[in-house]
Structures are given as structure tokens and as C-alpha cells.
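One-letter residues, chain by chain:
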Amino acid sequence: MVSPVDKKHGSKEVLQDDESSICTFPPEVLSAIFAAGTQIEETSSTDSNPLSRETGLSFELLVSHVCSYFRDIAIGTPSLWTSIFIAPTTKSEKLLTYVGRSLACGLDLRVDMSGWASSALGRYAMMEMINSISTQSHRWRRLSIDAAGESEDNSIVMVLCSRNAPVLEYLSICVDNVEHVDEGVLRKSACEPRIFSEGAPRLSFVRLRGLAIYLFRPPLQELTTLHLDQTKALPMRFSMFRDIVTLSPALAHLSLYGDIIGNESWSGRALIILPALRSLRICGISGRVYGGALQAIDAPQLESLVLKDLHEHDLDGLWDDAEAVARYCHLKHLTFCDFEVSDFAYKRLLRAFPDITEFSSFYSSIGTSPISPILAAANDVESDYATERPWPFLHTLAFLFDDGEDEGWIKNVVMRRKETGRPLVKLRFGTNYAGVFKRWKKNVALENTLEIETFSDIDRWPANRSYPDQDDGLFP
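The following refers to the structure shown.

Calculation criteria
- Residue numbering note: each chain is counted from 1, following its sequence as written.
- Restriction of local features to residues with pLDDT of at least 70 applies here, the model being predicted, together with a cutoff of 80 or more for giving and counting side-chain atom pairs; totals for whole chains, interfaces and linings are based on all residues.
- Side-chain calculation: all heavy atoms of the structure are included, whereas hydrogens and water are not.
- To qualify as a helix, a DSSP run of H or I must reach at least 4 residues; to qualify as a strand, a run of E must reach at least 2; elements of each kind are numbered from the N terminus.
- To sort residues, take the accessible area from a 1.4 Å probe on protein chains only and compare it with the maximum for the residue type: under 20% means buried, over 50% means exposed, and anything in between is partly exposed.
- The contact definition used throughout considers only heavy atoms, calling two residues in contact when any of these lie within 4.5 Å.
- Ring pairs shown here join Phe, Tyr and Trp side chains whose ring centres sit within 6.5 Å, with only the six-membered ring taken for Trp; geometry is labelled stacked below 30 degrees between planes, edge-to-face above 60, and tilted in between.
- Cation placement over rings: the criterion is NZ of Lys or CZ of Arg within 6 Å of the ring centroid and within 35° of the ring normal.

1. Some remarks on the overall build of the protein
Point 1. Summing up its helical and strand segments, the protein has 18 helices and 16 strands in all.
Point 2. Taking all 476 residues of the protein together, the buried fraction comes to 51%.
Point 3. Of all intrachain contacts in the protein linking residues separated by at least 6 positions in sequence, the fraction that spans at least 24 positions is 75%.

Structure follows, in C-alpha cells:
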């Protein structure tokens, strides 16, 4: 949405003394450029540093300080002023300015309450801003709340989330501590929302971290993406977990952090049917959640699996369950992060997930080499390897390495798979050194038939995510 800009700013009288050619651009063109600039800033910075827009002059403020022509166009472009950050250091004047300039546009609101209770004056000012922005809930498009602690009699989360949010699509809530936890609330049905009980019909993305999993659940019936980050040692019942993840028939992406159900057994229960699930991400603490969740979940459309902090025996329960293993025979994308597994575990993976097309490995102290002799194996492979055709459909391999790592092992994989008619198509490797990329491209890309690219950040999850996810810091 672009509001009309006074036509005099495009007149020759105003511009006759201005030697800058960019000031001859029509207001509509500059407005579109400014809007694109804010989008680039958000997508390029907020994933790695949620507060990056607050540590310096944000793009919209920067362009509004260039000259009077830019300022008038920036102020007259409501979409530039839709990202609002509230913290104890935020000035109420800035909040009111952004709310006013954004007109009727959807708002992306981030609230950081760390340190907000350091003084009575700070609490009063913070609540004034919270009460002010809560009246705009009909415009909220994205809402992120990070609370170190919540007061029992004056919960900021409840103040914000007791409203109707008809256009809210993204909700992320992190709550570390509360003054008192009501046991009755912990046992409350997953179908009964604790927040936004008046409605959030477009809510498709939800992250609940810490105590928010139990105390601040919104309506979950329309979700496509759900993050359950169990950062507090407060396990839930298996039945509650099942009810939460099955509420939305459209759930396509599920991320699990922590042990979730604690010492309760995953086995011997009815399967958790997730018919639309396409990607699953798991990071456990004790290790039980990996095999347990994979045994408990039936997701016939699952294509992508990300496992972080996986250790050698964490999937033993899965390997021993032939029926569960069979459910994952069509998995395509497999990612390991911070993993510690041997070549023996890799061989089991080859059996369980035979149709892998993309494999990524990040941050292993063992290195990527344990799988190299298996992936390089020919059809006449020795009997101690897992399969005669190791991942025959594999076309993309991604990994991280340091500057001193020998490229011989990956060159061997590339060459042997090409010789046996199962060539790799793409190599992706993480490095910030251009010289390393040039060396590897020269030494590994045999006859220029292999596409090689570099990356500096771990891939976004889900893979098709087009929006910045500022709080996705548990799966780097």
C-alpha cells in the first residue's frame, strides 16, 4: 500500500536546484525501492541476529534522513513502518510513530521483555506500550514474545494475547519462568486455547518455547508449521503431545526440541497419524526422543528429516522395529547436525532410508569421512557394507569443513559414483573462504560435470520458508 505523495515533490521547481539524478525518480518508483529495501534487510539479517535492526539505524529511518524528498516518500509509504520492536529501551514516541505511519497495514510485532522489571518506572512505561499496541491486534500479522519471566497478576503475554487477531499468521512465544504454575492449566485439553480464545483463524505458524508450551497455547487447528521447544524440565503426557500435534490436519512441518514426554514410554501406543507432514526436525537431550518419535509417528508424506545432536545408539529402537522403518522408506532429504555416529550407524541408515536424494552433514567432531567409503562403493561392494547400491538416487551432498581438510575423500566419492553410473549432480559446502572454494572446484569438479556451490549459513527450515524466523536459534 502506497499513500499519495504531494505532487509538488516531483515538480521541476522543487528539483531545479537538486543535482542528484535519483531525486528525479517518480515517487511511486522510490516507494517501491524503499519497500524492497526493508524486505532485503529483514530477510538478510534477522535470522542470524534478531535484534540487528535495533542495534543501528534501520533502513526505513536511514532513507528518511537522506533528504526532504526521500523523507516525504518514506513517511508516505506505510509498508516501511510495519516492523515494530518493543523492549525496555524503546521510546513510546517511536512506537506511536510507527503505528501512525503504517496506517492500515499488517504489523509485525516483536516484544522483548528481558530486564523489563528492573524498575517501577520501567514496568509502567512497558505496560503503557503493551496496552497501546494491544489495541492494534486486528492488524497483527506476526507476533513474537520473549519473556524471561511472567508475573502471575500482570502477565504481559495474556494482555497481548487476550485479543481477537483476525489476520495473525505467525506466533512465537518464549517464556522461561512464571511466579506460579497452575496444575489445572497443565492438564487442560489441547483443544482449549489459553490465548487468542476469541479467534486467530489465519494462524499457520506457532512456536511455543519453555513454559509457553503448557501455559500459552493458541488455537492450533489451522497450523502448517509447529515448533515445540521444551527448554524447561517439565515433560508432558504422551496423550497431550499426541493431541497437540494432531489438532491440525494440515500440519506439514514439525520441529521438536527436548525429550518432550520425559521418561514415559513411546512404544506400545496407537500411532500418531500426521497425513500432511512433509518435514520433521528433532533435537533431543537424553536421546530417547529420536527413535521414540520416529516409531510413534506415521507420516506417509514425509520427505525431509533433520536430526541434531544424534549419538550412536539413539536410533537403536527404530532399527529394531521393522514396521516403523518401513514407514520411512521414501524419505528423500536427510540432515545431520552436531552428530556423533560411526560407519556402522551409517550402514543402518542406508538400509532404513534407501531413497535419499539429498544428504547434509554439519558440525560433526567425527567428520564426514565415515560415510565416504560407503557412498563410493561400487556394485561389487564388499559384503560388510550395508547395501549393494548405497543411496542410488543421491544427487546432492552438503557438508561443512575446515580449511585444512583433505578433499581426497570427497573426490573419491565423486569419481566412483560417476564410474558406477550413479553420479552426484551437486556439491554444497560451507565456507567463508573464497580461496577454498576455488581449490575445491578445481580439484573435485571432474570434467566440469559437477555443480559446486558454497553457503555460509545453514539452510532454512522448512526449505520453502520465505519469511525470516527470528527465534529459530536451537537448530543452528
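2. Quick look at the packing of aromatic side chains
Point 1. Considering all chains together, one arrives at 17 aromatic pairs under this definition.
Point 2. Here the aromatic rings of F336 and F339 are separated by 5.3 Å at their centres, their planes lie at 50°, and the arrangement is tilted.
Point 3. A relative accessible area of 0% means that F336 is categorised as buried.
Point 4. Using a relative accessible area of 1% as the deciding quantity, one classes F339 as buried.
Point 5. Geometrically, the ring pair formed by Y346 and F359 is edge-to-face, given 6.2 Å between the ring centres and 80° between the ring planes. Of this pair, Y346 sits in helix 15 (residues 343–352) while F359 sits in strand 13 (residues 358–362), and the two are 13 residues apart along the sequence. This pair shows no difference in class: Y346 is buried, exactly as F359 is.
Point 6. Clustering of aromatic rings is evident, with ring pairs tying together F336, F339, Y346, F359 and W391.
Point 7. The ring of W81 is capped by R101, whose NZ or CZ atom sits 4.6 Å from the centre of that ring.

Read these as geometric descriptors, not functional statements.
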